[in-house]
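Below, each chain spelled out in residue letters.
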Amino acid sequence: MTHVYGDYGPCDRSGYVLDAGMSRYMISSFETYNSCDGQMASLNNDPNPVYYYGYATEYVGDRANDNIGHIKVWDAL
């Protein structure tokens, strides 16, 4: 499981975009903190993002598995 952290405090409505970096081909699940209950995963070589809600995603799904390049997190509720 990949733990997602930001450097600028808790999530707000505009959120943060995080580059998956070297992990871009190794993310199968993730967990967020500090009100980051909305997530959008931008996939490598796929223009359609995948959306998740909540604080932990145990499996990102077959399409996104090991295929996440960037994650946007925000306070969705």
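Just so we're clear, the structure is a prediction, and the values are computed from it rather than from any experiment.

Trainee: Would you mind going over the overall build of the protein with me for this structure?
Mentor: Looking only at helices and strands, one finds zero helices and seven strands in the protein. If you list the helices and strands of the protein from N to C, you get β-β-β-β-β-β-β. Computed over C-alpha atoms, the radius of gyration of the protein comes to 11 Å, within 12% of the 11 Å expected from 2.2 N^0.38 for 77 residues, which places it in the range of a compact globule. Seen through its principal axes, the protein has C-alpha atoms that stretch 30 × 25 × 20 Å. Looking at the protein residue by residue over its 77 residues, the buried ones come to 38%. Considering only contacts in the protein between residues 6 or more positions apart, those separated by 24 or more positions represent 68%.

Trainee: Sorry if this is basic, but what is going on with the nonpolar core here?
Mentor: Generally speaking, a soluble globular protein has its nonpolar side chains buried in company with each other. Core analysis: the biggest nonpolar cluster contains 15 residues, and L43, Y52, V60, A64, I68 and V73 have the highest contact counts within it. Mapped onto this core, the elements with two or more residues apiece are β4 (38-43), β5 (46-53) and β7 (68-74). If you tally residues by element for this core, the top one is β7, at three residues. Residues within four places of Y52 in sequence aside, it is in contact with F30, D37, G38, Q39, A41, T57, V60 and A64.

Trainee: Please explain the environment of Y52 as it appears in this structure.
Mentor: Checked against the element boundaries, Y52 lands in strand β5. In this structure, the C-alpha to C-alpha distance between Y52 and D37, residues 15 residues apart in sequence, is 8.2 Å. A distance of 2.6 Å separates a polar side-chain atom of Y52 from the backbone oxygen of V60.

Trainee: Any chance you could explain the pattern of salt bridges here in plain terms?
Mentor: Two side chains with opposite charge may pair up if their charged atoms get near one another. Throughout the structure, instances matching the rule amount to one salt bridge. For D46, the salt bridge identified is with R63, shortest N-O distance 3.1 Å. Of this pair, D46 sits in strand β5 while R63 is found in the loop between β6 (56-57) and β7, placing the two residues 17 residues apart along the sequence. According to the relative accessible area criterion, D46 is partly exposed, its value standing at 22%.

Trainee: I keep staring at the sheet that holds β5 and nothing clicks. Help me out?
Mentor: One key point about sheets: their strands pair by backbone hydrogen bonds, in either a parallel or an antiparallel sense. The strand order across the open sheet formed by four strands is β2-β7-β4-β5, and the pairing between neighbours is antiparallel. Whereas interior strands pair on both sides, the edge strands pair on one side only; in this sheet they are β2 (16-19) and β5. For this sheet, the mean inter-axis angle between neighbouring strands, taken without regard to orientation, is 20°. Here β4 runs beside β7; their pairing, made up of six bridges, is antiparallel.

Definitions and cut-offs
- Residues numbered from 1 in each chain as written.
- Predicted model: local features only at pLDDT ≥ 70, side-chain atom pairs only at ≥ 80, totals over all residues.
- Heavy atoms only, no water.
- Helix = DSSP H or I, 4+ residues; strand = E, 2+ residues; numbered from the N terminus.
- Rg over C-alpha atoms; globule rule 2.2 N^0.38 Å.
- Buried < 20%, exposed > 50% of the residue type's maximum accessible area, 1.4 Å probe, protein only.
- Contact = heavy atoms within 4.5 Å.
- Core = buried A, V, L, I, M, F, W, Y, C linked by side-chain atoms within 4.5 Å.
- Polar contact = N/O pair within 3.5 Å; in protein donor to acceptor, adjacent residues only side chain to side chain.
- Salt bridge = Lys/Arg side-chain N within 4 Å of Asp/Glu carboxyl O.
- Pairing = 2+ DSSP bridges.
- Axes fitted to C-alpha atoms, helices over the stretch in contact; angles between N-to-C directions.

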